[in-house]
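Residues per chain, in single letters:
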Amino acid sequence: MSLDRYGRLKALGCDQVWDVLVIGGGASGLGAAVEAASRGLRTLLLERTDFAQGTSSRSTKLVHGGVRYLEQFNLTLVLDALRERGYMLRNAPHLVHKLNFVVPLYSYAAIPYYGVGLKAYELLSGKLSFGKSELLSIAETTQRLPTLLREGLKGGILYRDGQFDDARYAITLMRTLENLGGIALNYAEVTGFLKRAGKIEGVTVRESDASEKFDVLARVVINATGAFTQRVLQMDSGEEAVPLALSQGSHFVLSKDFLPGADALMIPKTDDGRVLFAIPWHEQVLVGTTDEAVPHSSSEPHATATEKEFLIGHIRKYLGRTIATGDVLSMWSGLRPLVRKGNAATSKLSRDHQVVRSPSGLISVMGGKWTTYRKMGEDTISSAIGAAGFSAAPSHTRDLKLHGWQEQADPKTAEADRVYGSDLEKIERLGTEDPTLDQRLHSQLPYRRREIVWAARYEQARTTEDVLARRTRALFLNAAAAIEIAPEVSRLLAIELRRDETFRLRDLEKFHEVAQGYMFTG
């Protein structure tokens, strides 16, 4: 199914009863919606801002089992995540790829400790293994990580894991949902529940552009709002106690010369017990993440002074470079909604998920991580089907190829283009038909005008931020460059969406406000 925004709104306004209505357009919501639609259920997903606007576009871009969860003896989570990692690669090879990680070892005692642990990690993945781990000499370690601090280095361990582009994966899930006959709508805020005898029968929705309101009926409603789970639960029952803890993770993006080569650096335990990565990503280097408890959710979280100091200090410690203001091309933070257990630090809390049914019938999925999004969706929909008492086909998303699936792309294809998979040919055709659309937007970014047009026509991009933060990754890769091209992006978007100059300038102003938060200040 491929509808324009008018068609989607028309579907909201009709009198049909949806089988499943999902609130939340991040990883967990999109995963649940794709699961429901693939099982033959009439499915609607509503997102109050943009798809993956929050946590799901701000991850460390890893598809992994979680090496540190082995140390916590959480074998169930590791096994689930390793299997799901394999399914993600199989079902979306245009978005997921294998990546070599090197763990530098600065003591001889660490060699058997991490060597055995990473060998177990490899063996647990079974037939879905990404490759064998290897012990590296000092020379081999520094050859793979040329800028690594060598003082005290005893060697390293190479292991294989996965990497992806989180926001592009989310947009692909949205398109997969609609290919399956479901409907996804961004900028559609659920403002209340429709109830009869205390049971939820639907929701009230406000569409942001025209401020239209709709009453939408559904047999079951799913709360998949991540860090904002508590708000939806309070809207349902007024209850405040939610077993969630919020953890903030912040990242820096640096130029490629900080870590040349194709391999990633993994520090399994920093001085305060955290895990740290430096990862090649879109021809830059992504460094993160932190793990700071925060008291409440925010649509635009920002790195604290403590987090900046943590990242700066560890870049100096392991890469031997002192960070200057111009070195950080972009900086962002995301919130992890974790299931709370006692008073444990957020870094110690499990990334397991829970599916909970409220007395009203509302189904909430909490916790989890990007890699296990599919299993979260399967568990959520299975629970919803059981609670609502209707039948559906069994799950088959383990083998469901996602939109744009392409078995083998040309290895010369740039990473920014590869994420489109089989759609890339159609995007390139836009540039052929109108050569002005084939022009690069900025010398320091890989994007062309054609991607802006494509995002507006086929990917529900509504704002300049949608385009520069999530349809492309410009804002995450180079905030200053993204700000420079924003006027041209807003112009192209306004043409496609038939908006007037007043609307365009307001949208551009909003983008500038958000973009300032991605600029590094020491």
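Cut-offs applied
As a convention, each chain's residues are numbered from 1 in the sequence order in which they are written. Where totals are concerned, whole chains, interfaces and linings use all residues; where local detail is concerned, this predicted model gives features only for residues with pLDDT of at least 70, and gives and counts side-chain atom pairs only at 80 or more. Where side-chain values are given, they derive from all heavy atoms of the structure, hydrogens and water being excluded. A 1.4 Å probe that fits into a set of points on a 1 Å grid over the protein atoms alone but cannot get out defines a cavity; an open set with protein on both sides within 12 Å along at least five of seven lines defines a pocket, and lining residues are those with an atom within 4 Å of a point. Grid points are joined across faces, edges and corners, and a volume is the space filled by probe spheres set on the points. To qualify as a helix, a DSSP run of H or I must reach at least 4 residues; to qualify as a strand, a run of E must reach at least 2; elements of each kind are numbered from the N terminus. Following the grouping adopted for this structure description, the nonpolar residues are Ala, Val, Leu, Ile, Met, Phe, Trp, Tyr, Cys and Pro, the charged ones are Asp, Glu, Lys and Arg, and the polar ones are all others, Gly among them. Interaxial angle, 0 to 180 degrees, is taken between N-to-C directions of lines fitted to C-alpha atoms, where a helix line uses only the stretch in contact. Any angle that falls under 35 degrees is termed roughly parallel, while one over 145 is termed roughly antiparallel, one within 65 to 115 roughly perpendicular, and all others oblique. Whether a crossing is left-handed or right-handed is set by the direction in which the near helix is turned from the far one by less than a right angle, anticlockwise for left-handed and clockwise for right-handed. Throughout, a residue-residue contact means that at least one pair of heavy atoms, one from each residue, lies within 4.5 Å. Aromatic pairing here means that ring centres of Phe, Tyr or Trp (its six-membered ring) are within 6.5 Å. Orientation follows from the plane angle: under 30 degrees is stacked, over 60 is edge-to-face, and everything else is tilted. Relative accessibility decides the category of a residue: with a 1.4 Å probe and only protein chains considered, values under 20% of the type maximum give buried, values over 50% give exposed, and everything between is partly exposed. Paired strands are those between which DSSP finds at least two bridges. As a per-residue quantity, pLDDT reports the predictor's confidence and falls between 0 and 100. We define a nonpolar core as any set of buried Ala, Val, Leu, Ile, Met, Phe, Trp, Tyr and Cys residues linked to one another through side-chain atoms lying within 4.5 Å.

Chemist: So what about the layout of surface pockets? Which residues, and what values?
Modeler: Gaps between atoms show up when a probe of the same size as a water molecule is rolled over them. Counted as a void, the second largest pocket has a volume near 590 Å³. If you trace the second largest pocket, you find 27 residues lining it, with D4, R5, Y6, R8 and R462 closest to the centre. Elements represented by at least two residues in the lining of the second largest pocket include exactly α1 (5-13), α7 (166-179), α13 (449-458) and α16 (479-497). Residues of the lining of the second largest pocket, tallied by class, amount to 11 nonpolar, three polar and 13 charged.

Chemist: Give me the lowdown on the packing of α13 against α16, citing residues and values where you can.
Modeler: It is the contact of α13 with α16, at a shortest axis distance of 9 Å, that shows an interaxial angle of 40 degrees. Overall, the two elements α13 and α16 adopt an arrangement that is oblique. Crossing of α13 over α16 shows right-handed handedness. Counting all contacts with α13, which are made through R449, I452, V453, A456 and R457, the residues of α16 involved are E488, V489, L492, L493, E496 and L497. Tallied by class, residues from the contact of α13 with α16 come to seven nonpolar, no polar and four charged.

Chemist: Describe in detail the packing of aromatic side chains, supporting the description with residues and values.
Modeler: For the structure shown, the criterion picks out 13 aromatic pairs. Taking 6.2 Å as the distance between ring centres and 55 degrees as the angle between the ring planes, the aromatic pair formed by Y106 and Y318 counts as tilted. Of this pair, Y106 sits in the loop between β4 (96-105) and α5 (110-124) while Y318 sits in helix α9 (residues 305-319), and the two are 212 residues apart along the sequence. The exposure class of Y106 is partly exposed, given its relative accessible area of 27%. Connected via pairs of aromatic rings, a cluster forms that spans F164, Y169, W370 and Y373.

Chemist: Before we move on, can you summarise the pairing of strand β6 (residues 155-164) with the specific residues and values?
Modeler: Counting buried residues in β6 gives 10 out of 10 residues, a clear majority hidden from the surface. The two faces of β6 match: G155, I157, Y159, D161 and Q163 on one face and G156, L158, R160, G162 and F164 on the other face are all buried. As judged from the two bridges shared by strand β3 (residues 62-63) and β6, these two strands associate in the antiparallel manner. Bridged to V63 within β6 is G162. With 10 bridges joining them, β4 and β6 adopt antiparallel strand pairing. When the sheet's bridge partners are listed, N100 is paired in β6 with R160.

Chemist: Residues and numbers for the confidence of the model for the protein, please.
Modeler: As a general rule, the predicted coordinates of low-pLDDT regions are not to be interpreted in detail. Per-residue pLDDT for the protein averages 91, and the proportion of residues at 70 or more is 95%. Long-range and interchain partners of residues 344-349, a stretch whose pLDDT sits below 50, account for 18 contacts in this model, where long-range means more than four residues apart.

Chemist: Describe the packing of α16 against helix α17 (residues 501-515), with residues and values.
Modeler: Their axes nearest at 10 Å, the elements α16 and α17 cross at an angle of 150 degrees. As far as their axial angle goes, α17 and α16 are roughly antiparallel. Like other packed secondary-structure pairs, α16 and α17 cross with a definite hand, here right-handed. Residues A482, I483, A486, P487, S490, R491, L493 and A494 of α16 touch α17, and the partners they reach there are R504, D507, L508, F511, H512 and A515. For the contact of α16 with α17, the class distribution of residues is nine nonpolar, two polar and three charged.

Chemist: Describe the nonpolar core, listing the residues and the values that go with them.
Modeler: Membership of the largest hydrophobic core comes to 48 residues, with the highest contact counts inside it found for V20 and Y169. For this core, the secondary structure elements donating two or more residues are β1 (17-23), α2 (27-38), α7, β10 (213-223), β18 (363-367), α10 (373-388), α12 (424-433) and α13. It is α2 that provides the largest number of residues to this core, a total of seven residues. If you look at the next biggest cluster of nonpolar residues, it comprises 35 residues, including A416, A469, F476 and Y518.

Chemist: Would you mind going over α13 in detail, with residue names and values included?
Modeler: A large share of α13 lies buried, amounting to eight of its 10 residues. Residues of α13 that are buried: R449, R450, E451, I452, V453, W454, A455 and A456. Backbone geometry just after α13 places Q460 at a positive phi near 60 degrees.

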